[in-house]
Amino acid sequence: MRKITFRIITRLPAKYISSGLIIIILLFIYGIIGSMYIMHLDFINAIYYSVITMATVGYGDYIPTTGIQKMFATTLALGGVALLAYVFNIILTNVQEKMTEYSKGAKKLKAIEVMEDYYIICGFGRVGKVVFDELTQRNQNVIVIDKDEDTCESIEESENVVVLNEDAIEDDLVAKLAGEKCRSVIICTGDDVNNLFIVMTIRETNPDAWIVTRASKLENVKRLKKAGANKIVSPEIIGGEGLYYESSRPHLLKVTVRHDPDEILDEFKVIAKNGCTLENIEYHLPGIETPFTRQIKTMNISDGQKYVNYLSTHDDQKEALTNLYKNVNNIHSHLISGPDQSSFDKVLKELEEIEEIIGIDLTNKEISEITKKEIKKYN
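The rules behind each value
Residues numbered from 1 in each chain as written. Predicted model: local features only at pLDDT ≥ 70, side-chain atom pairs only at ≥ 80, totals over all residues. Heavy atoms only, no water. Pairing = 2+ DSSP bridges. Helix = DSSP H or I, 4+ residues; strand = E, 2+ residues; numbered from the N terminus. Axes fitted to C-alpha atoms, helices over the stretch in contact; angles between N-to-C directions. Phe/Tyr/Trp six-rings, centres within 6.5 Å; stacked < 30°, edge-to-face > 60°. Buried < 20%, exposed > 50% of the residue type's maximum accessible area, 1.4 Å probe, protein only. Core = buried A, V, L, I, M, F, W, Y, C linked by side-chain atoms within 4.5 Å. Contact = heavy atoms within 4.5 Å.

Draft legend 1. Spatial organisation of the sheet that holds strand β9 (residues 292-298). Taken together, five strands build an open sheet; the order of strands is β9-β8-β10-β7-β11 and the sheet is antiparallel. Whereas interior strands pair on both sides, the edge strands pair on one side only; in this sheet they are β9 and β11 (356-360). Within this sheet the neighbouring strands show an average axis-to-axis angle of 25°, counted without direction. Pairing between strand β7 (residues 252-258) and strand β10 (residues 331-337): seven bridges, direction antiparallel. From the neighbouring strand, lysine 254 faces β10, where its bridge partner is leucine 335.

Draft legend 2. Examining the packing of aromatic side chains more closely. Tallied over the full model, the rule gives four aromatic pairs. Ring centres 5.9 Å apart and planes at 25° place the aromatic pair tyrosine 283 and phenylalanine 292 in the stacked group. Using a relative accessible area of 1% as the deciding quantity, one classes tyrosine 283 as buried. Under the relative-accessibility criterion, phenylalanine 292 is labelled partly exposed at 42%. An aromatic cluster is defined as three or more aromatic residues linked by ring pairs; in this entry it consists of Tyr283, Phe292 and Tyr325.

Draft legend 3. Layout of the nonpolar core. Ranked by internal contacts, the top residues of the largest apolar core, which has 26 residues, are Ile120, Ile143, Ile145, Leu177, Val185 and Ile202. Listed by contribution, the elements that provide at least two residues to this core are β1 (118-122), β2 (141-145), β3 (161-164), α7 (173-177), β4 (182-187), α8 (192-205) and α9 (221-227). What leucine 177 contacts, discounting residues up to four positions off in sequence, is Ile112, Tyr118, Ile120, Ile143, Ile145, Leu164 and Cys182. In this structure, Phe268, Cys276, Ile336 and Val347 belong to the second largest nonpolar core, which totals 22 residues.

Draft legend 4. Structural context of the environment of glycine 31. Assignment of secondary structure puts glycine 31 in helix α2 (residues 14-37). Along the sequence, glycine 31 and leucine 76 sit 45 residues apart, while their C-alpha atoms lie 6.4 Å from each other. If we ignore the near neighbours within four places in the chain, the residues touching glycine 31 are Ser50, Phe72 and Leu76.

Draft legend 5. Up close: the environment of asparagine 139. In this fold, asparagine 139 is placed in the loop between α5 (126-137) and β2. For the pair formed by asparagine 139 and methionine 299, sequence separation is 160 residues and the distance between their alpha carbons is 9.5 Å. Residues contacting asparagine 139, with those up to four places away along its chain left out, are Asn160 and Met299.

Draft legend 6. Representation of the sheet that holds β4. With parallel pairing, six strands are arranged side by side in an open sheet as β3-β2-β1-β4-β5-β6. Each of the sheet's edge strands pairs with one partner strand only, and the pair in question is β3 and β6 (231-233). The sheet shows a mean angle of 15° between the axes of neighbouring strands, taken without regard to direction. As paired strands, β2 and β3 are joined by four bridges and run parallel to one another. Bridge assignment links valine 142 to a residue of β3, and that residue is valine 161. The strands touched by α5 are β1, β2, β3, β4 and β5 (211-214); relative to β1, the strand with the most contacts, the crossing angle is about 165°. Each of β1, β4 and β5 touches α8; the most contacted strand, β5, lies at about 170° to it.

The following block contains the structure:
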């Protein structure tokens, strides 16, 4: 406790220290000048008298006798009392503020201790905010670390979101958090030197951590890769959304299937039930390597039900979808994100019961070869 108190006192804001010193110096000068010209003391005794009067000790060595001397001694003593009160008030206020900060920090660290499978975002600028939005839309656990106090206060905390007002490059906080429970560390600061330092700090203690970092300059990509980053993303190329996809790469699954439009809802229920998100659907036209892609980005069963209900009341849209399925011979791929491999295993097992699974994580070229064979089959 004494160490904490000493640390708090020694870290008083500079503005308080400066103003306190100025007041002390001014009062001391007033005391010396007054002691010399009003109390008629020499310089050494003037210093002595000023100190004991300001400190309200009053040994009685020099007793004011005239009215002006008494007024001077009174104002000097009151100034000393006011100065002591000011100093103690600053210290107590600062101690209270710091203790409150320590209390909040302890609560946040406790919340992190019970948090499972979280992402860490270092830097909450424009890119970091995009990544944050992508993660929170999927109900992921997120720890945001940023050194700007106003930025941190602007982020709403919840059971899934913890915000730490810290500088990621000043200590090993990020390295400590990037352990087994961390899915990915996403470094979004705009300074490549800071990003490089954070990557190196994490990699020293966490050889298995999945690290995704931003590179503001393309020439720094190789340096960041050499430092230990798993993925380096240039926002100029793919933007903040790409940071999310790369950070969740170990938790993405591409499933190529064959089924007709009537099985859409059953398929979606399987994905959503297991806590996964359907990111997009790729329709593979026979013989064409590049698929036609639709972004979905949802994990709510209600969204799938709404879509089916919409088709049931819009015959033209249903007919268009049916024709699309016919053109691709009912072959298409789903990009699915999920919390872990066991969730993917459950999804695959249940999908096998309701539809044909053609392959897992196939490349567009491999799928193109499959669709070419489909053309020959029907010719």
